[in-house]
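The chain contents come next:
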Amino acid sequence: MIDFMRVYADNAATTPISRAALEAMLPWLSEKCGNPSSLHGFGQEAARELSASRGTVAEAIGARPQEIYFTSGGSEADNQAILSAAHAGARGGKKHIISSAFEHHAVLHTLDALSAEGFEVTLLDVHSDGLVRMDELRAALRGDTVLVSVMLANNEIGTVQPVSEIGSLCRGRGVLFHTDAVQAVGHIPVNVEEMNIDLMSMSAHKFHGPKGVGALYVRSGVPLEPLIRGGAQERGKRAGTENVAGIIGMAAALREAASDMGKNAVYVSALRGRLAGALSKIPHSKINGSQSRCLPGTLNMCFEGIEGESLLLLLNEYGIASSSGSACTSGSLEPSHVLLALGLSHELAHGSLRLSLSSYNTPEEIDHIISCVPKAVSRLRDMSPVWEELENGKRKHCV
Ligand SMILES: *Cc1c(COP(=O)(O)O)cnc(C)c1O
């Protein structure tokens, strides 16, 4: 076999752990065994590390340490932020929430649960560029709106929302603002003060930290209720013995990501630019979402006449790990709710591919992707009855 290369290009699903994070964690997975709630030396050493990690995470996003609550990840942070804000609103008679149509399911399914409890939810359109419009948000705000939840960067197409403007509008109207910043933190600058954010979700495994740990930022004075009850950990807002090693790994990964952010963003967006340029030469293909307001590493494309799942499997045979939608929806027959929210037809949305890069990818890996994707697309089109109809004019091309 000639040069078989394995390329991991699914960093929006999860990232490989950094050496710095792994090394910081190792002692806490072996000899350092203390419970931070214990009063002896072992426990107090863990408590000191926990507190240092809280400081590191806070500093990376312009927050204060007492505004950081560690969680099991981004999903838990989203659930807690939204449920907590909604219930606080309901106590004051406010039961209207605004969000967007292409949020992560951790947000959308939480909103579904709140709708079933009698809350009213307005989902903003994200238009074909994957961006919400400020005038539409302004028009959707009501006297009984308690919360606006709009993600900072989208996990499938990478578009970055005008979060500072959203935050300042909400602040002016006395409405809480939550943002799911899981895809953004560690990749693009995020500052909760400058962006007027009240609640913000983060997850370590999206920036080369370990899986199963994340954090919720909660501005001082914003009400927060626990999802998990039982102990006084996280100032009573999240019971359960802390994931000490995970939290230490998260802080180490974030410290590194923050200090290399500028350099990484330049490097990764150059890789992505080259990839986008080469792959968009494939006939009847389309790049999804705004290319001027997007994450450095996420590229989402549609190829007419083929199934994204088949493309993913074929690329896997070429050693390339990609995604054809979000990890949570793959396996289901429904096309991605994100691509449908952009106004793509079901048929086109089915033919989507997400390649998400990180600073760990090399130029040679990008060359490999550039040589394999066109081959894979034509192989699939050769076998596709839909493509045949498009080619012989029985169906109309839409891109
Ligand atoms: C990955 C992801 C989540 C979920 O985070 P977990 O830590 O895996 O629970 C939530 N929101 C977005 C935008 C994500 O990309």
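Because the structure is predicted, anything quoted here is derived from the model rather than measured.

1. Some points on the side chain of Asn 361
- Relative to the helices and strands, Asn 361 resides in the loop between strand E12 (352-356) and helix H12 (363-383).
- Assessed through its relative accessible area of 3%, Asn 361 is described here as buried.
- A polar atom in the side chain of Asn 361 sits 3.0 Å from the backbone oxygen of Tyr 8.
- Apart from the residues lying within four places of it in its own chain, the contact partners of Asn 361 are Val 7, Tyr 8, Asn 11, Tyr 267 and Leu 271.

2. Some remarks on the packing of helix H3 (residues 74-91) against helix H4 (residues 105-116)
- The contact between H3 and H4 brings their axes to 9 Å, and the two run at 30 degrees. Here H3 and H4 pass one another in a crossing that is right-handed. Mapping the contact onto sequence places Ser 75, Asp 78, Asn 79, Ile 82, Leu 83, Ala 86 and His 87 in H3 and Ala 106, Val 107, Thr 110, Leu 111 and Leu 114 in H4.
- Among the residues forming the contact of H3 with H4, the class breakdown is 7 nonpolar, 4 polar and 1 charged.

3. Regarding the domain arrangement of the protein
- In terms of domain boundaries, the protein breaks down into domain 1 (7-15 + 261-391) and domain 2 (19-257).
- Taken over C-alpha atoms, the centre of domain 1 sits 28 Å from the centre of domain 2.
- Listed by partner, the interface residues are 29 residues for domain 1 and 36 residues for domain 2.
- When domain 1 packs against domain 2, close to 2,600 Å² is buried across both sides, 56% of that on carbon and sulfur atoms.
- The largest share of the area that domain 1 buries against domain 2 comes from Met 261, Arg 293 and Leu 295, three residues that together contribute 25% of it.
- Taken together, the connections running from domain 1 to domain 2 amount to 0 salt bridges.
- Where domain 1 meets domain 2, there are 15 residue pairs in polar contact (both at pLDDT 80 or more).
- Where the side of domain 1 that touches domain 2 is concerned, the elements lending two or more residues are helix H8 (261-279), strand E10 (298-303) and helix H10 (337-341).

4. A word on the site of the ligand
- Around the ligand, the surrounding shell holds 13 residues, and the nearest of these are Ser 75, Asp 180, Gln 183, Ser 203 and Lys 206.
- Taking Gly 74, its main chain carries an N or O atom lying 2.8 Å from an oxygen atom of the ligand.
- Here His 205 contributes a side-chain N or O atom positioned 2.9 Å from an oxygen atom of the ligand.
- With the chains in place, 87% of the 380 Å² that the ligand exposes on its own is no longer accessible.
- In terms of residue count, H3 provides more of the shell around the ligand than any other element does, 3 residues in total.
- The class makeup of the residues in the shell around the ligand is 2 nonpolar, 8 polar and 3 charged.

5. Focus: H12
- Taking 1.5 Å per residue as the helical rise, H12 with its 21 residues ought to reach 30 Å, and the 31 Å between its terminal C-alpha atoms agrees with that figure.
- Looking at H12, one finds that the buried residues are Glu 365, Ile 366, His 368, Ile 369, Cys 372, Val 373, Ala 376, Val 377, Leu 380 and Arg 381.

6. Concerning the packing of aromatic side chains
- Under the defined criterion, the tally for this structure stands at 0 aromatic pairs.
- When the ring centre of Tyr 69 is taken as reference, the NZ or CZ atom of Arg 235 above it lies at 4.3 Å.
- Here the basic side chain of Lys 375 rests over the ring of Tyr 318, its NZ or CZ set 5.2 Å away from the ring centre.

Analysis parameters
- Residues numbered from 1 in each chain as written.
- Predicted model: local features only at pLDDT ≥ 70, side-chain atom pairs only at ≥ 80, totals over all residues.
- Heavy atoms only, no water.
- Helix = DSSP H or I, 4+ residues; strand = E, 2+ residues; numbered from the N terminus.
- Buried < 20%, exposed > 50% of the residue type's maximum accessible area, 1.4 Å probe, protein only.
- Polar contact = N/O pair within 3.5 Å; in protein donor to acceptor, adjacent residues only side chain to side chain.
- Contact = heavy atoms within 4.5 Å.
- Axes fitted to C-alpha atoms, helices over the stretch in contact; angles between N-to-C directions.
- Left-handed = near helix turned anticlockwise from the far one by under 90°.
- Nonpolar A, V, L, I, M, F, W, Y, C, P; charged D, E, K, R; others polar.
- Domains from an automatic or database assignment.
- Buried area = accessible area lost by both parts, 1.4 Å probe.
- Salt bridge = Lys/Arg side-chain N within 4 Å of Asp/Glu carboxyl O.
- Near = heavy atom within 4 Å.
- Areas by Shrake-Rupley, 256 points an atom, 1.4 Å probe, with all protein chains shown as cover.
- Expected span 1.5 Å × (residues − 1).
- Phe/Tyr/Trp six-rings, centres within 6.5 Å; stacked < 30°, edge-to-face > 60°.
- Lys NZ or Arg CZ within 6 Å of the ring centre and 35° of its normal.

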